[in-house]
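Single-letter residue listing:
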Amino acid sequence: MALEEYASKRDFTKTPEPGPSKAATHGHRFFIQRHDASHLHYDFRLEIDGVLKSWAVPKGPSLDPTVKHFAAMVEDHPLDYGDFEGNIPKGNYGGGSVMLWDRGTYELIGDETAAEQIARGDLKFRLHGEKLNGTWALVRMKGKGKGNEWLLIKKKDEASQPGWDVEAFATSVKTGRTQEEIAADLPAHPKKGSDQAKPKKKIHAAEPKQD
Ligand code: MN
């Protein structure tokens, strides 16, 4: 069902990406990958009903609540995809390097299920990640288009950071590697690991806190 499109786009004898097997639901996890394919983008994934609901975000997420970034809803991915980091060989779907950029858990906001919120085109949740936290919304754009056009929006709260730049945090939470190091198949950074990937909060220390 939900993973047929995912499987139909990939030859699992040629890509190291996980197959479409449906693992047991673990709960409410989220994953974000930085994917240097034909165009650099971030893949935002939420664990919902046994799959990873996925959006491709060309400009990436932003902790700046004044920013609304375009997010194209793409095919569901298997839960095993969440931790994937590595290289999809050129010539395959999405060929290029994939960094595990952030991971954590989320809480839905509101009484509706995630499926109901997605059907309504307004999904609200709170992230507990290594880089991203606070309240967020994914809102489907109205009007013409393919129907897969959404916006990823940071709500104003204690986790908001005006002027935040996603590209200042471009290392893996899994291996500490840069995109170039992943592309070159270099080993994981031995000790630093996820510590190195954490946002350098001091950059914003002088700025007033948002409520
Ligand atoms: Mn991608």
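Preceding block: the structure.
The following paragraphs examine the structure supplied in this document. Here the structure is a predicted model, which is why all the values come from computation and not from measurement.

1. Points about the pairing of strand E7 (residues 122-129)
So, step 1. Where burial is concerned, the two faces of E7 differ: the one with Leu-123, Phe-125, Leu-127 and Gly-129 is buried and the one with Asp-122, Lys-124, Arg-126 and His-128 is not.
So, step 2. Of the pairings in the sheet, the one linking strand E6 (residues 96-108) to E7 comprises five bridges and is antiparallel in character. In the sheet register, Glu-107 faces E7, and the bridge partner there is Arg-126.
So, step 3. Examined bridge by bridge, E7 and strand E8 (residues 133-140) share seven bridges and lie antiparallel to one another. Its bridge partner being in E8, Lys-124 is matched across the sheet by Ala-137.
So, step 4. The hairpin formed by E7 and E8 contains three residues between the paired strands.

2. Points about the nonpolar core
So, step 1. Ranked by internal contacts, the top residues of the largest apolar core, which has 35 residues, are Phe-44, Trp-55, Ala-71 and Leu-152.
So, step 2. Listing elements by their share of this core, those giving two or more residues are strand E1 (29-36), strand E2 (40-48), strand E3 (51-57), E6, E7, E8 and strand E9 (149-154).
So, step 3. Residues contacting Leu-152, with those up to four places away along its chain left out, are Phe-44, Trp-55, Val-57, Pro-61, His-69, Ala-71, Trp-136 and Leu-138.

3. Let's talk about unusual backbone geometry
Most peptide bonds adopt trans geometry, and most residues besides glycine take a negative phi value.
So, step 1. Notably, Asp-49 is not glycine yet its phi reads approximately 50 degrees, a positive angle.
So, step 2. Turning to its location among the elements, Asp-49 is positioned in the loop between E2 and E3.
So, step 3. In this model, Asp-185 sits at a positive phi of 60 degrees, which is unusual for a non-glycine residue.
So, step 4. Tracing the backbone shows Asp-185 in the loop between helix H3 (179-183) and helix H4 (193-197).

4. What about the pairing of E2?
So, step 1. Extensive coverage of E2 is indicated by the burial of eight of its nine residues.
So, step 2. The pairing of E1 with E2 spans seven bridges and is classified as antiparallel. Bridge pairing in E2 links Asp-36 to Leu-40.
So, step 3. Where E1 hands over to E2, the hairpin turn is made up of three residues, counted between the paired strands.
So, step 4. In the sheet, E2 pairs with E3 via seven bridges, with the strands oriented antiparallel. Within E3, the position partnered with Arg-45 by the bridge is Ser-54.
So, step 5. The loop that links E2 with its antiparallel partner E3 comprises two residues; one of these, Asp-49, has a positive phi angle of about 50 degrees.

Definitions and limits used
Residues numbered from 1 in each chain as written. Predicted model: local features only at pLDDT ≥ 70, side-chain atom pairs only at ≥ 80, totals over all residues. Buried ≥ 20, exposed ≤ 12 C-beta atoms within 10 Å, placed from the backbone. Helix = DSSP H or I, 4+ residues; strand = E, 2+ residues; numbered from the N terminus. Pairing = 2+ DSSP bridges. Core = buried A, V, L, I, M, F, W, Y, C linked by C-beta atoms within 7 Å. Contact = placed C-beta atoms within 7 Å.

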